[in-house]
Each structure stands twice: as C-alpha cells, then as structure tokens.
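Listed below, chain by chain, are the residues.
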Amino acid sequence: MSNGKKLLACPYVIWSAVFIIIPLCMVFYYGLTDKSGAFTMANIAAIATAEHAKALWLSILLSLISTVICFLLAYPLAMILCNLNVNQHSFIVLVFILPMWMNFLLRTLAWQTLLEKTGVINNILGFLHLPTLNIINTPYAIILGMVYNFLPFMVLPLYNVLVKIDKNVINAARDLGANSIQTFFKVILPLSVPGIISGITMVFVPALTTFVISTLLGGSKILLIGNVIEQEFTQTGNWNLGSGLSIVLMLFIIINMVATAIFDKEGTGTAL
Amino acid sequence: MKAKTTLQKLYISLIFLFLYAPIATLMVLSFNASRTRAKWGGFTIKWYISLFDNSAILQALYNTMLIALLSAFFATVIGTIACISISAMKRRNRAILMGITNIPMLNAEIVTGISLMLLFITLGVKFGFITILLSHITFNIPFVILSVMPRMKQLNPSVYEAALDLGASHIYAFFKVVFPDILPGVLSGFLMAFTMSLDDFIITHFTKGPGVDTLSTKIYTEVKKGIKPEMYSLSTIIFVTVLILLFLVNMSPEGKKKKEHK
Amino acid sequence: MNKLIDLQHITKTFDSNTVLDDMNLYIRENEFLTLLGPSGCGKTTTLRIIGGFENPDSGSVIFDGQDITSLAPNKRQVNTVFQKYALFPHMDIAENIAFGLKIKNKSKSYIDDKIKYALKLVNLDGYERRMPDSLSGGQQQRIAIARAIVNEPKVLLLDEPLGALDLKLRQDMQYELIRLKNELGITFIYVTHDQEEALTMSDTIVVMNQGYIQQIGTPEDIYNEPENAFVADFIGDSNILDSIMIRDELVEILGARFACVDTGFGENTPVDVVIRPEDVELVEPENGTIEGVVTHIIFKGVHYEMEVTANGFEWLVHSTRMFAVGTKVGIHVDPFNIQIMHKPESEDEEAVGVNE
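Procedures and definitions
- The written sequence of each chain sets the order in which its residues are numbered from 1.
- Throughout, the order in which chains and ligands are written sets their labels, letters from A for the former and numbers from 1 for the latter.
- Given that this is a predicted model, residues contribute local features only at a pLDDT of at least 70 and side-chain atom pairs are listed and counted only at 80 or more, while totals for whole chains, interfaces and linings are drawn from all residues.
- Numbering of helices and strands runs from the N terminus, with a helix taken as a DSSP run of H or I at least four residues long and a strand as a DSSP run of E at least two residues long.
- Residue burial here comes from a neighbour count, namely the number of other C-beta atoms, placed from the backbone, that lie within 10 Å of the residue's own C-beta, with 20 or more meaning buried, 12 or fewer meaning exposed, and in between meaning partly exposed.
- Note on contacts: each residue gets a C-beta atom placed from the backbone, and two residues are in contact if those atoms are within 7 Å.
- A helix is expected to span 1.5 Å multiplied by its residue count minus one.
- Here the nonpolar group is Ala, Val, Leu, Ile, Met, Phe, Trp, Tyr, Cys and Pro; Asp, Glu, Lys and Arg are the charged ones; every other residue, Gly included, is treated as polar.
- Linking buried Ala, Val, Leu, Ile, Met, Phe, Trp, Tyr and Cys residues through C-beta atoms within 7 Å yields a set, and such a set is a nonpolar core.
- In short, DSSP must find at least two bridges between two strands for them to pair.
- Lines fitted to C-alpha atoms define the axes, with helix axes restricted to the stretch in contact, and inter-axis angles between N-to-C directions lie between 0 and 180 degrees.
- Two helices that cross are described as forming a left-handed crossing if the nearer one is turned anticlockwise from the farther one by less than a right angle, and a right-handed crossing if clockwise.
- Predictor confidence is given residue by residue as pLDDT, running from a minimum of 0 to a maximum of 100.
- This arc is taken over the directions from the axis of the helix to the C-beta atoms.

Some remarks on the overall build of chain A
Thinking step 1. Looking only at helices and strands, chain A features 14 helices and zero strands.
Thinking step 2. Secondary structure of chain A in N-to-C order comes out as α-α-α-α-α-α-α-α-α-α-α-α-α-α.
Thinking step 3. Reported as C-alpha extents along the three principal axes, the dimensions of chain A are approximately 70 × 70 × 35 Å.
Thinking step 4. Looking at chain A as a whole, 47% of its 272 residues qualify as buried.
Thinking step 5. The long-range share in chain A, meaning contacts at least 24 apart out of those at least 6 apart in sequence, stands at 74%.

The following block contains the structure:
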C-alpha cells in the first residue's frame, strides 16, 4: 500500500508509545526499584505479607464470584434478547449503555440507599413480612456492586456473538436429531466461546482491581487489593510499593489477555 | 410456548429493574426535601434551583463536559486516521498495533491511571486540566478504533480505487467515498468515547491536580461528608436530557423510516 | 398411489403477508420432487414446514399416514441440506457427519463406518480431520449432504443447495445428486429458482408463484404443455401471444389463422398461445402463415437466436439455419407445437391456476 497510508499511523503510534508503552514501563521501573533507585524485588515480594495477601485473596474471590454471577445472569438474557427478533442491534446496546449517563459513583451510592437497614428494599421486604437483608458494608454488598456495574460488559459480548450464529446451524442441529438441550451444549455454547471469554475478561479485570465499589459499599473496613494500591499512591506516597503490587495485579491480567488472544483469533474483539 | 415467553419477559424485566432501580432512586432523591438520603423529607424542587448557585458543581460540570467533548473529538480524529492506516498494514504490524490498542481496554483502569500519573510526574507536567485531557484521549482511542475497524473491514477496497480511477484525488476519494461508509462507526466511536470519558472516575482520580475537579472526583470527595443533594438534581437533569435526545432521534423522520422498513 | 408426505390445506402468514394459501400437495415415495418458483413464491416455506422449522397457521402435514404437523424437527424422519450448508464451524468434518449419529447413541464403530461410507459416497475420502472453513463451497455442499444422509432419512430436503456454486460445479453436482438419489433410494424434495436445475433432475416439478401452486407435472409436461402464461414464461423462453380461438383446432394469432390440435375452448374465445422459440420454423415468405423480417441475430453455439418482427410482434426464434438481418421470412408452426391456454379472468385466478 501507499506510503501515505503508512504515515497516517504516525500520530497513533507516537501517542500509544508515549501514553501507553512508556507509562507501563515506568510502572515496572518503579515496581522493581526502591526509593534510591536500586533494583529490588521487595515491592513484589510485599504481596506475601499477611495484609496484602488477604486483600489480594479477597479481591480474587469476590471478582470470581461476581464474574460467575454475571455470566449466569447474562447468558440467558443474551439468548432471550437474540430471540426477541429486535432487529435494532443498536437499541439493545443503548439500553445497556444508557445507565452510564448517570454517574457511576452515584449509581453505586444509590445502592446504599436501597440496601440500608431502613432502606427501600428492607421496607418492601418488611411490608411482605419477609426477613430483612442486612448486607450493606459486607462483602456481599461489594459483590452486588460489582455485578451491577459490570453486568452490561458481560451481556454485550455474549449478545454480539450469539446474534451472529447462523440460525440454520441451529436448525441443522435440530434437524439431525438434537433436542434443545443437546443443541445448546453441542452447538450454541461452543460457538459462543469468544463472547464468553471476552465477557469474562471485561468483568473479571475491573472487578479484581476496583477500589471504588469496596469503598462505597463495603464500609471502610474491607480492603481489596485495589484499595491497597490506591492508598500507596494517594495517601502513603510509596509509589514503589504501589507499582510492585500493580505488577502482581497485572500478572493476573496478562493471564487473562493470553487466554483472550488464544480464543479471540479475530484480533478485533467482540466487545463492541 | 406462551408460558415460556412470559417467563422470558419477566426475566428481562427483573434485569432491567436491577439496572435501573438505582437510577430511579437517584431521581427520587433529587426531589427529597431532607438533606440526608436516609430519610424522605417531603417533595421539593429546591435542589434544582440551588444547583445554579453552586459554582463548584457548575465548574465541575463544565470541566467534565469540556474534557469529554475534547477527548472524544481528538480520540476520534486520531483513531479514525489510525484505522485507515491499520487496515492497509501487513498482518504482523496490524496484529502488533491492535495488540497495543487492546492494552488500555484489557488492563485495569487503576494500573492505567497510576502509569499515567508516574509518566506525568517524571515528565514534570503540572497536574491539572491538561493531564486529565491527555489521559482521557488515551483511554478513548481504543473505543474509536474498535468501532471504526469493523466498518473499515467491510469496506470494498475497489470502491476507493474506482474513485481514484475516475480521477478523484486521494483526499477527495476518501471524503467522498470511504468516509460516508465508515461514518456510522466513527459516530458510534465518538459517542462511546464521550460516554466513557463522562463516566470515568478512576483514571481522572490519579491524573487530576488539586483545584481541578470533574463531577466524578467531586462526588468522590463528597462521599465521606455526604453528597450534596444538588448533585442528584444535576444527574437527573443530565440523564433526562440524554433520554429526551435519544427519544427525539428515534422519533425523527429518519428513525421512523428505519422502523417502518422492518 | 403411495403418498409419503401429504400437505393438506396449508396456510402460512408472516406479518400479514400470506406466503402459502390453502396449499395441497403430496409427495410419493422415492420421488425426486422439485419446488420451483421465483423468490417469495413460498417454496422455501413449504420445505421448512416439512422440516419442522415453521408451523403452518392452519392445515396439516401427514407423514407416512401420521400427522406430524406440530412435531419438533429432531423427531422427524427427514433431514435437511441447508442453503449455504450450515456446517458446524467448530467441528471437523468427521464430527459434523457424526453429529446426528452421536445424538442417537450409535456405537463408535458404526459411526466410523458411516463416516467412511458417506465420505466415499460424496467423493471426499480422507477429509475427516479438515475444518469446514478450509473447504471450497462445492466440498462443503457435499459434506452437508453427507451429514444429512448418514442418518438414513426417508426424505432429504434440499434448500437451493447449489445456489452458491458456480455454473460448471453446479452442473456436475446435478449429476451427482441424481446418482446419490438412485443409490440411496430415498425421496428428495428440492427447492430451486433455477428452471434448468429443475428440468434436469426432477421426476416431478411443482411450479409455484405467490403462495399458489401453478402446475404439477413431469419436466416434459411442464415444458411442453404449460398450463398458464406464468409457467410458460418462467420455464424456458417462449413466445406468448394474445389470440382468439376461432373454433376447435383453429386459432387466430396476430390476425393470421393457424391450425392447432386443441379442442373444447368454444368459439371466438380469447386465449393465450405459447410457442417455444425452437418450434417456430422460418421458411420462404410465400410458404409461411405470417410474413416477417429478421431484426436481430446472435450465434449461440448449438443454434442461432433470432428476432423476427411479424404483424407487430417480436418473435423469438431458435434455428440451426441462419437468416441475415433484413431477410424477409415466412413463419410456420406445426399444429401440435401450438399450446393454447385459458386467459386468467383475474389476478387471483392466474395465481390459483390448478391445485392438483
């Protein structure tokens, strides 16, 4: 192709070098050195201290649970949406993106109002003579916050991949004798793997690394790994330790990226 | 058959209740006369009036909008230009660049935030409006690329060549033939970028300087002291405005025509 | 008369658009039956109703004496070869073919034998471990057929299976399908809009238009004795002329009287006349019934295709003899080559035509 077209990439190549690659290198630089600039593994090894390890473990646990819940909620939803025969693909995307126009922090805070001891939900439960729900400031509230915030990121990739499956491929499975359950497990589910992977990534990573949801819904007592890192940067000012812990966090993200690369060979992602 | 569809509708309704209940809550709170969100103090619209006297919130709104608009614009320009070039690249180069594009999408926002913070510290850039804007452009470009790229792939390369064959210059051919085809992707990329910028808290949190606030960071600092009710009314205004705009777009003659077609 | 499938009073509507209107049709055992018609005529819907992918709004589907109208597709003894093949993209060829057999819990050795047999039958031995997207369109087509027939269906439904293939391959596959049909000894129901495909392969052709059956018959019947102008126009090239039946065995075409063999149309009745281009004989001007002038000529290989203007009508003529443009010619048609048809009284009647 023409040189002109190649030159057009320059702004983006320079931009991504300065604002993506170099900053990432800096995280590694800070993470692998101490305050005097000497090489050290101490910042990474710090993950093993009881406080940090506990935060990491809790983060992994809560984000895994949230991812599973998101998947279980989103898959049937995506299938129903596909069968609705709504030809307006963009409308469905819109419905899930629309909430973002209300600030994410406020939306999450609203759950406080809903979940409080005398909140809306408990009032309704009380009215129905059902036991009240006291999950505010517990890990359960954090899971709820994660599911609430990241569910659209699971629904959209699943919907996108399911809607693209050739209806005749499903018909062919039925035609060859498969009942609807067999058709689902042998044809629909395997064909939706790229969407599943991409959905898992898009829920798991932000859930694993959040510090906002735990701050807003977990009270101040529950610390996730995101909270620890955030505090190192904005309160304690120990950037080296914060960077070291971030490197540990990125290990998990890289594992996820590799899995995504393997399954999503297209290279463009199915997220949008 | 009928029971099944009823069940499906119930399921969708529950999910939407879950997604939109907090939004409804915030709207109700914006009319709450009591200053705390814990109890209902009667209906009022006073927060909608006092909102316009609250210069701190208005300044944050101004910053948020300006950053969202500028970052979405620059991201759209850089991203779209990049797409033209990426689509003409050899497989390997394309894979590398798309891989880099995916980094901000797949990486944790907190890591992107601190990495940019470290960059600005090292470069000695003063934290403020500019650092937020640069960061937002950075995380917005991938959204533009990922929404323009599929359009670019669908494009028939012969169309562009036909335009050149008929005597058009490269630039003329691009704007007359290629651009109209990828425009929907460009627009949805812009809209996506604008939305993402508007909703961002984490990256702004790490790259903002003292004295400069967006709505997100302002809310975060207010969390401990209690959110000012004006914030609820402002959010309600923004949300309802967007809703009306979307409604109008759907009701416009063009939107209608599309529907009737189906 | 052993009816294997009997469609009775089938009506199907999509969004207030009637696709099939009170259709009646039966299919005999071992028949190669083709549903032929332009797009939107209801042929694919008919096939999907037999396959179980659509439920008719009213009417019933009888299979081997049993009502299967609301039976799920996986319970029916028919298999479908889909338009654009619909192979499972995540399975290799062997897994694709084995799909139906595994569902039925057949033994591994049985399945392996069947895969071997089916691949041999479609001339693709050794392709077991290939993935569908690495195969050409023609090869995918064969796999789709193999995948269907290993289940030993009583009826194979084929939905425009050759539509995506190029001309040469299409012709090869036509012979292939006839061979398969004979080897398997099962019923084929074939949907196409390609009249040549239909004429080449079928035992019976059902011509459809706008949800109504226009004519049912052997390829020869359909071609030589179209029952209305639609069929005549759709099948092959033809000259369709407004004419008047003077009396039995005499018809007035463009003001000239032609002898014909049809009777029973009454006297001085307006009719449509169909004359195939190869049945128009060009002779010396004084020997013809009508006189005309050659206005166009194209060499087509096996014959010349000419247009002759005579009495204000452009006649399409196929002939092995060449007449230069401008030549005065006479037109002669043998009586048995003149096909007389009733004029439709209304659009509706045109569409209804005959229902068996």
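What follows picks up the thread again.
Re the overall build of chain B
Thinking step 1. When you go through chain B residue by residue, the secondary structure sums to twelve helices and zero strands.
Thinking step 2. Each helix and strand of chain B, placed in order from N terminus to C terminus, yields the pattern α-α-α-α-α-α-α-α-α-α-α-α.
Thinking step 3. With the principal axes as the frame, chain B shows a C-alpha extent of 70 × 65 × 35 Å.
Thinking step 4. Relative to its full complement of 262 residues, chain B shows a buried share of 38%.
Thinking step 5. For chain B, restricting intrachain contacts to residue pairs at least 6 apart in sequence, the fraction spanning at least 24 positions comes to 77%.

A closer look at helix α8 (residues 139-164) of chain A
Thinking step 1. Compared with an ideal rise of 1.5 Å per residue, which puts 26 residues at 38 Å, α8(A) spans 37 Å between its outermost C-alpha atoms and is within 8% of the ideal.
Thinking step 2. α8(A) sits mainly inside the fold: 21 of its 26 residues count as buried.

Concerning the interface of chain B and chain A
Thinking step 1. With 67 residues of chain B at the contact, the number on the chain A side is 67 residues.
Thinking step 2. Across the side of chain B that touches chain A, the residue classes break down as 50 nonpolar, 13 polar and four charged.

With respect to the arrangement of the chains
Thinking step 1. Of all two pairs of chains sharing an interface, the pair with the highest contact count is chains A and B.
Thinking step 2. Chain B makes no contact with chain C; the smallest distance between any of their C-alpha atoms is 11 Å.

Digging into the nonpolar core
All names here are of chain A.
Thinking step 1. If you look at the biggest cluster of nonpolar residues, it comprises 123 residues, and the most contacted ones within it are Met154 and Val155.
Thinking step 2. Ranked by the residues each element gives to this core, the list is headed by α8, at 16 residues.
Thinking step 3. Excluding residues that lie within four positions of it along the chain, Val155 makes contacts with Ala74, Leu77, Ala78 and Phe96.

So, the interface of chain C and chain A
Thinking step 1. The interface is formed by 19 residues belonging to chain C together with 15 residues belonging to chain A.
Thinking step 2. Elements with a minimum of two residues in the side of chain C that touches chain A: β6 (78-81) and α2 (93-103) of chain C.
Thinking step 3. The element that contributes the greatest number of residues to the side of chain C that touches chain A is α2(C), accounting for three residues.
Thinking step 4. Residues that form the side of chain C that touches chain A fall into these classes: eight nonpolar, eight polar and three charged.

Observations concerning the environment of Pro335(C)
All names here are of chain C.
Thinking step 1. When you line up the elements, Pro335 lands in the loop between β19 (328-332) and β20 (339-342).
Thinking step 2. With 13 C-beta atoms packed within 10 Å, Pro335 lands in the partly exposed category.
Thinking step 3. C-alpha of Pro335 to C-alpha of Arg170: the two residues are 165 residues apart in sequence and 36 Å apart in space.
Thinking step 4. The residues contacting Pro335, other than those within four sequence positions of it, are Ala259, Cys260 and Val261.

What to know about the environment of Ile81(B)
Thinking step 1. In this structure, Ile81(B) sits in helix α3 (residues 55-87).
Thinking step 2. Sequence separation between Ile81(B) and Ile145(B) is 64 residues; the distance between their C-alpha atoms is 9.2 Å.
Thinking step 3. In contact with Ile81(B), not counting residues within four places along its chain, are Leu8(A), Pro11(A) and Tyr12(A).

Considerations on the sheet that holds strand β12 (residues 250-253) of chain C
Residue and element names in this part refer to chain C.
Thinking step 1. Taking strand neighbours across the sheet as the criterion, the five strands line up as β13-β12-β11-β14-β20 in an open arrangement whose pairing is antiparallel. Every interior strand has two partners, whereas the edge strands, β13 (256-259) and β20, have only one. This sheet shows a mean twist of 45 degrees between the axes of neighbouring strands, independent of strand direction.
Thinking step 2. In the sheet, β12 pairs with β13 via four bridges, with the strands oriented antiparallel. Counterpart to Leu250 in the pairing with β13 is Ala259.

Topic: the pairing of strand β11 (residues 239-247) of chain C
Residues and elements named next belong to chain C.
Thinking step 1. Here β11 pairs with strand β14 (residues 269-275) via seven bridges, running antiparallel. Pairing of Asn239 across the sheet is with Ile275, part of β14.
Thinking step 2. One ladder, built from four bridges, connects β11 with β12; its direction is antiparallel. In the strand pairing of β12, Arg247 is matched with Leu250.

Side note on the packing of helix α2 (residues 10-31) of chain A against helix α6 (residues 129-154) of chain B
Thinking step 1. Contact geometry of α2(A) with α6(B) gives a least axis separation of 11 Å together with a crossing angle of 115 degrees. Crossing handedness for the pair α2(A) and α6(B): left-handed. Contacts between α2(A) and α6(B) involve Tyr12(A), Trp15(A), Phe19(A) and Ile20(A) from the first element and Leu134(B), Thr138(B) and Ile141(B) from the second.
Thinking step 2. Across the contact of α2(A) with α6(B), the residue classes tally to six nonpolar, one polar and no charged.

Concerning the confidence of the model for chain B
Residues and elements named next belong to chain B.
Thinking step 1. On average, residues of chain B carry a pLDDT of 87, and 94% of them reach 70 or more.
Thinking step 2. Here residues 255-262 scores under 50 on pLDDT; set against residues more than four positions off or in separate chains, the count is four contacts.
Thinking step 3. We note a pTM of 0.82 for the whole complex and an ipTM of 0.84 for its interfaces.

Overview of the sheet that holds strand β7 (residues 155-159) of chain C
Residue and element names in this part refer to chain C.
Thinking step 1. Spatial ordering of the open sheet is given by β6-β7-β8-β3-β9-β10, a layout of six strands whose pairing is mixed. Edge positions in the sheet fall to β6 and β10 (212-217), since each of these pairs with one other strand and no more. Recorded for the sheet is a direction-independent mean angle of 20 degrees between the axes of neighbouring strands.
Thinking step 2. Sheet topology places β7 next to strand β8 (residues 187-192); five bridges connect them, and they run parallel. The residue bridging Val155 from the neighbouring strand is Thr187, located in β8.
Thinking step 3. Where helix α4 (residues 137-149) meets the sheet, its contacts fall on β6 and β7, and the angle it forms with β6 comes to roughly 170 degrees.

Regarding the confidence of the model for chain A
Thinking step 1. Predicted confidence across chain A gives a mean pLDDT of 86, with 91% of residues reaching 70 or more.
Thinking step 2. Mean pLDDT values for the elements of chain A range from 68 in helix α1 (residues 3-7) of chain A up to 94 in helix α10 (residues 180-191) of chain A.

What about the packing of helix α4 (residues 50-83) of chain A against helix α11 (residues 193-209) of chain A?
All names here are of chain A.
Thinking step 1. At a closest axis distance of 9 Å, the pairing of α4 and α11 adopts a crossing angle of 145 degrees. As for the relative orientation of α4 and α11, their crossing is right-handed in sense. Contacts between α4 and α11 involve Ser59, Ile60, Leu62, Ser63, Ser66, Thr67, Cys70, Phe71 and Ala74 from the former and Gly199, Ile200, Val203, Phe204, Ala207 and Leu208 from the latter.
Thinking step 2. Grouping the constituent residues of the contact of α4 with α11 by class yields ten nonpolar, five polar and no charged.

Section: helix α3 (residues 108-121) of chain C
All names here are of chain C.
Thinking step 1. Its 14 residues place the ends of α3 20 Å apart at the C-alpha level, agreeing with the 20 Å of an ideal helix rising 1.5 Å per residue.
Thinking step 2. Along α3, the positions that sit buried rather than exposed are Ile111, Lys114, Ile115, Ala118 and Leu119. The buried residues of α3 occupy an angular sector of 125 degrees when the element is viewed end-on, so they sit on one face. Turned more than 90 degrees away from the buried face of α3 sit Ser109, Tyr110 and Lys120, all of them exposed.
Thinking step 3. Asn123 sits one or two residues past α3 and shows a positive phi near 60 degrees.

Details of the environment of Tyr190(C)
Residue and element names in this part refer to chain C.
Thinking step 1. Relative to the assigned elements, Tyr190 resides in strand β8.
Thinking step 2. Here Tyr190 falls in the buried class, since 26 other C-beta atoms lie within 10 Å of it.
Thinking step 3. Tyr190 sits 57 residues away from Arg247 along the chain, and the two C-alpha atoms are 41 Å apart.
Thinking step 4. Excluding its chain neighbours within four sequence positions, the residues that come into contact with Tyr190 are Phe32, Leu33, Thr34, Leu158, Met201 and Ser202.

A closer look at unusual backbone geometry
Residue and element names in this part refer to chain C.
Thinking step 1. Of note, the phi angle at Asp15 is positive, near 45 degrees, even though the residue is not glycine.
Thinking step 2. Position of Asp15 relative to the elements: it lies in the loop between β1 (3-14) and β2 (17-28).
Thinking step 3. With 5 C-beta atoms counted inside 10 Å, the residue Asp15 sits in the exposed group.
Thinking step 4. Residue Asn311 is not a glycine yet carries a positive backbone phi of 50 degrees.
Thinking step 5. With respect to the helices and strands, the residue Asn311 is situated in the loop between β17 (304-310) and β18 (313-319).

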